[in-house]
Amino acid sequence: MSDERASADDGAESAIRLVDRKTGREYATAAASAVLHASARIPWRSPLVLELHRIPPHEHQEHVVVGHQLMVNLGGPVRFGWQEDDRRREAIFPTSALCIQSEGDANAPFWRDEMTFATASIPPTMVEALLSERAPSPAATFIKRHCVADRSTEAYVRSLVAELSSPTEPLYAEMLCHAFVLHLLGVHGQAPRRKQLAPRASSGRRNCAVRWSSCTSSSPRI
């Protein structure tokens, strides 16, 4: 852990951004000291921004997210809360569970225990590039979910986090990111007909990404 803290202190603040609803100010989701690993610190070809954070109990002010954002709890269960329809809700955020929302969604999450989690921001342009004319509008891309169990997403995330800590080939990480986003669209997309969000079978690059990701061995536990 001391090595992780040292590497975090040498880096920049989070590249994942939020916008304050009252002032319109854009700011980072976490200080540099909380960012253990980040895609911005290594050779990274994907537009997806991925980071590993460890943050003590914290409460965010109300904000909107820049890009489609998600977090996956890679540590122990934590007491977690969020804003939904102007109401505050709380639940246990278990290990491997997911929170996800579309670009422009408002939220004000908080947690009562230290949390180690992977977090990502997916530019809407990445979804458009993957789905072309079938891409939904940015605000209608993902179902807003909190503390949802999703072992498949956890497996993708752990493989991607392993690329942050011990990079292999940048092309492999890029293809894994493509497969990961297509997985999220298929499982958590909010299109009226889910088939709209499925990858085309004829796309060689997408098929290659899925094959590569399916061959990935389990990553070390965080």
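Our subject is the structure listed above.
The structure contained in this document is the topic of the report that follows. Quantities reported herein were computed from a predicted structural model and do not represent experimental measurements.

The next subject is the pattern of salt bridges. The tally for this structure, following the rule as stated, stands at 10 salt bridges. Note that Glu174 and Arg45 form a salt bridge whose closest N and O atoms lie 3.2 Å from each other. In this pair, Glu174 is assigned in helix α4 (residues 170–188) and Arg45 in the loop between β3 (35–38) and β4 (49–55), connecting sequence segments 129 residues apart. With relative accessibility at 52%, the residue Arg45 sits in the exposed group. Within the structure, one salt-bridge network assembled from shared partners comprises Glu13, Arg17 and Glu26.

Another point: unusual backbone geometry. With the exception of glycine, the majority of residues adopt a negative phi angle, and the majority of peptide bonds are in the trans configuration. Even without being glycine, Ser132 reaches a positive phi, approximately 45 degrees. Turning to its location among the elements, Ser132 is positioned in the loop between α2 (124–131) and β14 (145–149). Of note in the backbone geometry, Cys147 takes a positive phi value of approximately 60 degrees without being a glycine. Here Cys147 lies in strand β14. Look at Cys147 and you get buried, because its relative accessible area is 15%.

Moving on, we come to the side chain of His146. In this fold, His146 is placed in strand β14. Within the structure, His146 has its side chain in polar contact with the side chain of Trp82 (distance 3.3 Å).

On to the nonpolar core. Of all hydrophobic cores here, the largest spans 34 residues; its most connected members are Trp44, Leu48, Leu70, Ile122, Phe180 and Val181. When contributions to this core are tallied by element, the ones reaching two or more residues are β4, β7 (68–73), β10 (97–101), β13 (115–122), α2, α3 (151–165) and α4. Among the elements that make up this core, the one with the highest residue count is α4 (10 residues). Beyond its immediate sequence surroundings of up to four residues, Trp44 is in contact with Ser39, Leu50, Leu160, Glu163, Leu164, Ala173 and Cys177. By size, the runner-up hydrophobic cluster in this structure holds 16 residues, among which are Ala34, Ile55, Phe80 and Trp82.

One way to put it is that α3 packs onto α4 with a least axis distance of 10 Å and a crossing angle of 160 degrees. Comparing their axes, α4 and α3 come out roughly antiparallel. As α3 packs across α4, the resulting crossing turns out to be left-handed. Residue-level contacts link Ser152, Thr153, Tyr156, Val157, Ser159, Leu160 and Glu163 of α3 to Tyr172, Ala173, Leu176, Cys177, Ala179, Phe180, His183, Leu184 and His188 of α4.

Counted residue by residue, β7 has six buried out of six residues, so it is predominantly covered. What you see with β7 is no split at all: His68, Leu70 and Val72 on one side and Gln69, Met71 and Asn73 on the other are buried throughout. In this sheet, β13 lies alongside β7 in antiparallel orientation, the contact comprising six bridges. When the bridges of β13 are listed, Asn73 appears paired with Phe117. Note: β7 against β10, four bridges, orientation antiparallel. For Val72, the partnering residue across the bridge sits in β10 and is Leu98.

On to the sheet that holds strand β1 (residues 17–20). Read from one edge to the other, the open sheet built from four strands follows the order β2-β1-β6-β11, with strand pairing classed as antiparallel. Each of the sheet's edge strands pairs with one partner strand only, and the pair in question is β2 (26–28) and β11 (106–107). Strand direction decides the pairing type here: strand β6 (residues 63–65) and β11, joined by two bridges, are antiparallel. When the sheet's bridge partners are listed, Val64 is paired in β11 with Ala106.

Analysis parameters
Residues numbered from 1 in each chain as written. Predicted model: local features only at pLDDT ≥ 70, side-chain atom pairs only at ≥ 80, totals over all residues. Heavy atoms only, no water. Salt bridge = Lys/Arg side-chain N within 4 Å of Asp/Glu carboxyl O. Helix = DSSP H or I, 4+ residues; strand = E, 2+ residues; numbered from the N terminus. Buried < 20%, exposed > 50% of the residue type's maximum accessible area, 1.4 Å probe, protein only. Polar contact = N/O pair within 3.5 Å; in protein donor to acceptor, adjacent residues only side chain to side chain. Core = buried A, V, L, I, M, F, W, Y, C linked by side-chain atoms within 4.5 Å. Contact = heavy atoms within 4.5 Å. Axes fitted to C-alpha atoms, helices over the stretch in contact; angles between N-to-C directions. Parallel < 35°, antiparallel > 145°, perpendicular 65-115°, else oblique. Left-handed = near helix turned anticlockwise from the far one by under 90°. Pairing = 2+ DSSP bridges.

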